[in-house]
Amino acid sequence: MINYKRGVLVVIASVIAQSYVTTAALSAGHEPSMVGHEPPTAEAPDTRVVADFPEPIKQAMLQRMRRNLTDIQRIQAALGEGNFDQAAEVAEFSLGVSSLGPHNARQAPYMPSAMKELGMTMHKASSQLALVAQTGDMQESVRELAKVTGYCVACHASYRAK
Ligand code: HEC
């Protein structure tokens, strides 16, 4: 009797879970089959193109990447405080076109040209964010920030370091 009840509960729970997953999938614009218990990437084959950097350049690149993430966090924190000038400063001088330096020139020869372009587009988008942030428009600033992080996501989806 107890086992039977438990079985019913499990069935009900799984029906609820399934309908939740389906609803979430549909509202996200995906086919339900793309949503499982694991994130889709966990089982998907890794089709990213490999950029074969020499080890010291790879380490410098990854260090710069970690700084990129710090920059995004600093921009978000500044926007959260309503400090548009601070957000613009980080967006231009730490992540934007003004931040380009010798490390970019050292990495460039090892990157496929589309990857290089994506990197440059990301830096330019950050400079654009700096301009928009200075107008003090929160919604536009967040929109521009999402474009910047969109380029982070796009590159990570397509490329990896050997
Ligand atoms: C032009 C391509 C490109 C862009 C744009 C890019 N990344 Fe990366 N990023 C990489 C690659 C390649 C790796 C190494 C991934 C791998 O080998 O699995 C990486 C790794 C990282 C890592 C891991 C660092 C570590 O120590 O392992 C972080 C964090 C990161 N990126 C943050 C960002 C953020 C934040 C942005 C946007 C502001 C960004 N990246 C934009 C290519 C890019």
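The preceding data block contains the structure.
Each chain has its residues counted from 1, following the order in which its sequence is written. Owing to the predicted nature of the model, reporting of local features is limited to residues with pLDDT of at least 70; listing and counting of side-chain atom pairs is limited to 80 or more, with chain, interface and lining totals taken over all residues.

Q: Even after reading the chapter, I still don't get helix α2 (residues 55–80), so can you show me in this structure?
A: Residues that lie three or four places apart on an α-helix share one face, since the helix turns once every 3.6 residues. Counting from the N terminus, the helices are the DSSP runs of H or I reaching at least four residues and the strands are the DSSP runs of E reaching at least two. The span you would expect from a helix comes to 1.5 Å times its residue count less one. For α2, with 26 residues, the first-to-last C-alpha span of 38 Å sits near the 38 Å given by 1.5 Å per residue. Counting other C-beta atoms within 10 Å of its own, a residue is labelled buried from 20 upward, exposed at 12 or fewer, and partly exposed in the gap between, with every C-beta atom placed from the backbone. Of the positions making up α2, those classed as buried are Ile 75, Ala 78 and Leu 79. By the criterion used throughout, residues are in contact when their C-beta atoms, derived from the backbone, lie within 7 Å. Buried positions along α2 lie against α3 (84–94) and α6 (138–158).

Q: What am I meant to see in the packing of α2 against α3 here?
A: Two numbers describe a pair of packed helices, the interaxial angle and the distance between the axes. For the pair α2 and α3, interaxial distance at closest approach is 8 Å and the crossing angle is 160°. The angle between α2 and α3 falls in the class roughly antiparallel. Seen along the crossing, α2 lies across α3 with a hand that is left-handed. Only Gln 86, Ala 87, Val 90, Ala 91 and Ser 94 of α3 make contact with α2, whose side of the interface consists of Asp 71, Arg 74, Ile 75, Ala 78 and Leu 79. For this classification, the nonpolar set comprises Ala, Val, Leu, Ile, Met, Phe, Trp, Tyr, Cys and Pro, the charged set comprises Asp, Glu, Lys and Arg, and every other residue, Gly included, is treated as polar. When the residues that make up the contact of α2 with α3 are grouped by side-chain class, the tally is 6 nonpolar, 2 polar and 2 charged. Between N-to-C directions, angles cover 0 to 180 degrees, with each direction set by a line fitted to C-alpha atoms, over the stretch in contact for helices. Should an angle lie under 35 degrees it is considered roughly parallel, over 145 roughly antiparallel, and from 65 to 115 roughly perpendicular; all remaining angles are considered oblique. Here a crossing is taken to be left-handed if its near helix is turned anticlockwise relative to the far helix by less than a right angle, and right-handed if that turn runs clockwise.

Q: So what exactly am I meant to see when it comes to the site of the ligand here?
A: Residue proximity rests on one test: whether the C-beta atom, placed from the backbone, lies within 6 Å of the molecule or strand. Every one of the 19 residues lining the ligand counts as a neighbour, but Met 65, Gly 119, Cys 152, Cys 155 and Arg 160 are closest to it. Residue assignment for the shell around the ligand shows that the elements contributing at least two residues are α2, α5 (113–133), α6 and β2 (159–161). Ranked by the residues each element gives to the shell around the ligand, the list is headed by α2, at 6 residues. Here the residues of the shell around the ligand are counted per class, giving 14 nonpolar, 3 polar and 2 charged.

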